[in-house]
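Listed below, chain by chain, are the residues.
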Amino acid sequence: MHATTYRTHTCGDLRLSDAGKEVTLCGWVFRIRPFGGMTFVDLRDRYGITQLVFSPQIDAALARQAEQLGREDVLQITGQVVERSNKNPALTTGDIEVRVTQLRVLNTSRTPPFTLEDQTDGGEELRMKYRYLDLRRRPLQQNLLLRHQVARAVREFLDSQGFVEIETPHLIKSTPEGARDFVVPSRLNPGQFYALPQSPQTFKQLLMVSGFDRYYQIVRCFRDEDLRQDRQPEFTQIDCEMAFVSREDVLQMFEQMVRHVFRRIRHVELPEFPRMSYAEAIRTYGTDKPDLRFGMTLHYLKDEHANLLEEHHFPVLDQAEVVAGISVPGAASFTRKQLDELTDFVRRPQIGAGGLIHIRWLTDNTIKSSIDKYVPAETLLSYAAKFEAKPGDLILLIAGQASVTRRALSELRLELGRRLGLRAADQFMPVWIVDFPLLEFDEQQRRWAAMHHPFTSWHPDDDALLETEPAQVRANAYDLVLNGVEIGGGSIRIHNRTDQMRMFRRLGLSEQEAEQKFGFILNAFEYGAPPHGGIAFGFDRFCSMVIANQEGIRDFIAFPKNNMGRDVMLDAPSDIDPELKKELGL
RNA sequence: GGUCCGGUAGUUUAGUUGGUUAGAAUGCCGCCCUGUCACGGCGGAGGUCGGGGGUUCGAGUCCCCUCCGGACCGCCA
């Protein structure tokens, strides 16, 4: 199948049944084991590794030549497939070897700056600089090969459901709202700029207006914001939109798509996708992207609505807006050192809790707590009971401002889940988060901003609240969360001019601004726009979850940027020719 | 915009309170070795301790500035 004028087989092809054949292989020298006289070479390509034998008994001159080969030299060899006397069960080709009779060095290699083993000795920076070498390593090859399979499975499913892949432009118009745009100067229109799309959002809505009632695209998107382990300035979305659908239709369709991919790639049947409201997620997990692989949910002694605390004359508790915590099963035996570490963890500036109160409910039914000076044991015991705790459990409490406390507990829960091995790499727990708030108040800009995006429709029951109680309006939006990672999100869209204008007005855009920035879509809505909605998946994240159940995405992208948005291999971004700059009117 | 961690042979790293010639592993080079598969044995070369400035009799080590990398907060509709 992979035979060419250069080779008859790949390095992963040959089996015992091929013994006796004369074959020609091409590949890279992976490891070389010279003995006096005979030399073994592991020849590698993306299909596998085949052991070559050079021996004085076959060709003395060739055997001497083989001793001079270096790692990563590119070879073409011809020889006879023979059964091995010592088989290697670790290799799929381990039953055979090739006794080489002809050797041609197609190209030599300098010694690579790091080893190309599965566990490389290379540091991050070096591997990025020599990305093409890093990509020779098996783990990264596997990632990219599987990424290709994920994309295939996605297309296979969507094609089967009548979706049409349509390309949309990359040179578009900069719009307010959302992330910072990357811009491209226009030579033909000096002083003016295109923007690169943050997503094809408005185009896919226009395609709905055009009647392509099932659209998708695996498409590059660009956002000029700071990077993270799971965020790149250019990333790939599975962008989807459907006309004549309700939220239920969209959730059903894409639950099936995700199931299909997991079946194809992981041979895993996912559990049913439960639904959870945004409010419930925040209350019980402290986050809108809960990891449902384990429990340890949040319990409240005091919140915005109720106070179960007694008066303790202990300001930390008495003055807190929220007092909440989690019960850690079997952790009452944690040492002082472990508890101190957890305290430091929640007090880190990024998390910002004031401190951590612990209540250890020992197996002899006694209580040991950091606050037993202030709170009597029987009261602590009654508090512990509210956490569905039992003897042997550790209760960790945080008191303070509501949002900070919830976030700290959410992070603490994940950290403990990690330490206790509750976040299993082979377990997948999806959940749809629904009923997000439509709007959130941007304290810096002193205005309301769309939580999802400004084209999201709202719950009909909340229509009257848009102008009066914006914080109370529920969006017709949804996120798909898998093991604590947001892998997709979407909404049912606004599809008439009147409501879209109400939204823009709510966001503080004047009639003129709305017309100038979004006139094209407002106009389109006046020509028979159908009800529609959709979803977009972060394809890189989706792949990293499907393939490895991990959050980082760089190892699933062939040529990623570093955390300053630089391509260290190309050394981009860089200065441009002053002449070019002049032509562009910069 | 901010916080934290790191930068020492090609590579990954150790380096005590500031004190003799900066140590190891791996890779590389040479010699030996005919069944290894992380082959093995012996030997060798390889360092502007990221850069600059300062403190000191003396700085890899302490201080200041700076560059680079990583993680995170803000930000990411």
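Up top is the structure.
Rules used throughout
Residues numbered from 1 in each chain as written. Chains lettered and ligands numbered in written order. Predicted model: local features only at pLDDT ≥ 70, side-chain atom pairs only at ≥ 80, totals over all residues. Heavy atoms only, no water. Pairing = 2+ DSSP bridges. Helix = DSSP H or I, 4+ residues; strand = E, 2+ residues; numbered from the N terminus. Buried < 20%, exposed > 50% of the residue type's maximum accessible area, 1.4 Å probe, protein only. Salt bridge = Lys/Arg side-chain N within 4 Å of Asp/Glu carboxyl O. Near = heavy atom within 4 Å. Polar contact = N/O pair within 3.5 Å; in protein donor to acceptor, adjacent residues only side chain to side chain. Nonpolar A, V, L, I, M, F, W, Y, C, P; charged D, E, K, R; others polar. Axes fitted to C-alpha atoms, helices over the stretch in contact; angles between N-to-C directions. Contact = heavy atoms within 4.5 Å. Phe/Tyr/Trp six-rings, centres within 6.5 Å; stacked < 30°, edge-to-face > 60°. Lys NZ or Arg CZ within 6 Å of the ring centre and 35° of its normal.

A. Main features of the pairing of strand S19 (residues 447–450). Both strand S18 (residues 439–442) and S19 contribute to a ladder of 4 bridges, which runs antiparallel. When the sheet's bridge partners are listed, Asp442 is paired in S19 with Arg447. Counted between consecutive antiparallel strands, the loop separating S18 from S19 contains 4 residues, among which Arg446 sits at a positive phi close to 55°.

B. Expanded view of the pairing of strand S3 (residues 48–54). With 7 of its 7 residues buried, S3 lies for the most part within the structure. Going residue by residue along S3, you find Gly48, Thr50, Leu52 and Phe54 tucked away on one face and Ile49, Gln51 and Val53 tucked away on the opposite face as well. Sheet topology places strand S2 (residues 39–45) next to S3; 7 bridges connect them, and they run antiparallel. The residue of S3 that forms the bridge with Leu43 is Thr50. Hairpin geometry of S2 and S3 is characterised by an intervening segment of 2 residues between the two adjacent antiparallel strands.

C. View of the pattern of salt bridges. For the structure shown, the criterion picks out 47 salt bridges. With its nearest N and O atoms 2.8 Å apart, the salt bridge here joins Arg264 to Glu156. On the criterion of sequence distance, the pair formed by Arg264 in helix H6 (residues 247–266) and Glu156 in helix H4 (residues 138–160) is long-range, its members being 108 residues apart. Note on Glu156: relative accessible area 33%, which makes it partly exposed. One salt bridge in this structure joins Arg406 and Glu304, with 3.1 Å as the shortest N-O distance. Placement of the pair is Arg406 in helix H11 (residues 402–419) and Glu304 in the loop between strand S12 (299–302) and helix H8 (315–318), with a sequence separation of 102 residues. Glu304 sits in the partly exposed class, given a relative accessible area of 40%. One salt-bridge network, held together by shared partners, links Lys337, Glu341, Glu415, Arg418 and Arg419.

D. Expanded view of the protein's contact with RNA strand B. The local shell around RNA strand B holds 45 residues, among which Glu97, Glu225, Ala450, His452 and Asn563 are the closest. Put simply, 54% of the atoms of RNA strand B that lie within 4 Å of the protein are in sugar or phosphate. Within the backbone of Gly178, an N or O atom sits 3.3 Å from a sugar or linking oxygen of RNA strand B. Between RNA strand B and Ser199, the relevant distance is 2.9 Å, taken from a base nitrogen to a side-chain nitrogen or oxygen of the residue. Put simply, the parts of the chain that give the surface near RNA strand B at least two residues each are strand S1 (22–34), helix H1 (56–66) and helix H2 (124–129). When the residues that make up the surface near RNA strand B are grouped by side-chain class, the tally is 13 nonpolar, 17 polar and 15 charged.

E. Focus on the sheet that holds S12. Taken together, 5 strands build an open sheet; the order of strands is S12-S13-S16-S14-S15 and the sheet is antiparallel. In this open sheet, the two edge strands, each paired with only one partner strand, are S12 and strand S15 (367–369). Direction aside, the axes of adjacent strands within the sheet are offset by 25° on average. Direction of pairing for strand S14 (residues 357–361) relative to S15: antiparallel, over a ladder of 3 bridges.

F. Local environment of the sheet that holds strand S4 (residues 74–83). Taken together, the 5 strands give a closed barrel; going around it, the order is S1-S2-S3-S5-S4, and neighbouring strands pair in mixed fashion. Each neighbouring strand pair of the sheet contributes to a mean axis angle of 55°, computed without reference to strand direction. Across 10 bridges, S4 lies against strand S5 (residues 96–107) in antiparallel orientation. Directly across from Val74, in S5, lies its bridge partner Asn107. Strands in contact with H1 are S1, S2, S3 and S5; relative to S5, the strand with the most contacts, it is inclined by about 60°.

G. Structural context of the packing of aromatic side chains. The final tally for this structure, using the stated rule, is 15 aromatic pairs. Geometrically, the ring pair formed by Phe163 and Phe254 is edge-to-face, given 6.0 Å between the ring centres and 70° between the ring planes. Highlighted residues: Phe163 in the loop between H4 and strand S6 (164–165) and Phe254 in helix H6, separated in sequence by 91 residues. For the pair Phe163 and Phe254, one class covers both residues: buried. Here Phe455 and Phe504 contribute two aromatic rings whose centre-to-centre distance is 6.4 Å and whose plane-to-plane angle is 90°, an arrangement assigned as edge-to-face. On the criterion of sequence distance, the pair formed by Phe455 in the loop between S19 and helix H12 (465–468) and Phe504 in helix H13 (residues 497–506) is long-range, its members being 49 residues apart. When sorted by exposure, Phe455 lands in the same class as Phe504, which is buried. Taken together, the ring pairs connect Phe163, Phe254, Phe262, Phe428, Phe537 and Phe542 into an aromatic cluster. Above the plane of the ring of Tyr300 lies Arg283, whose end atom (NZ or CZ) is 4.1 Å from the centre. One Lys or Arg, Arg413, reaches over the ring of Phe294 and ends 4.0 Å from the middle of that ring.

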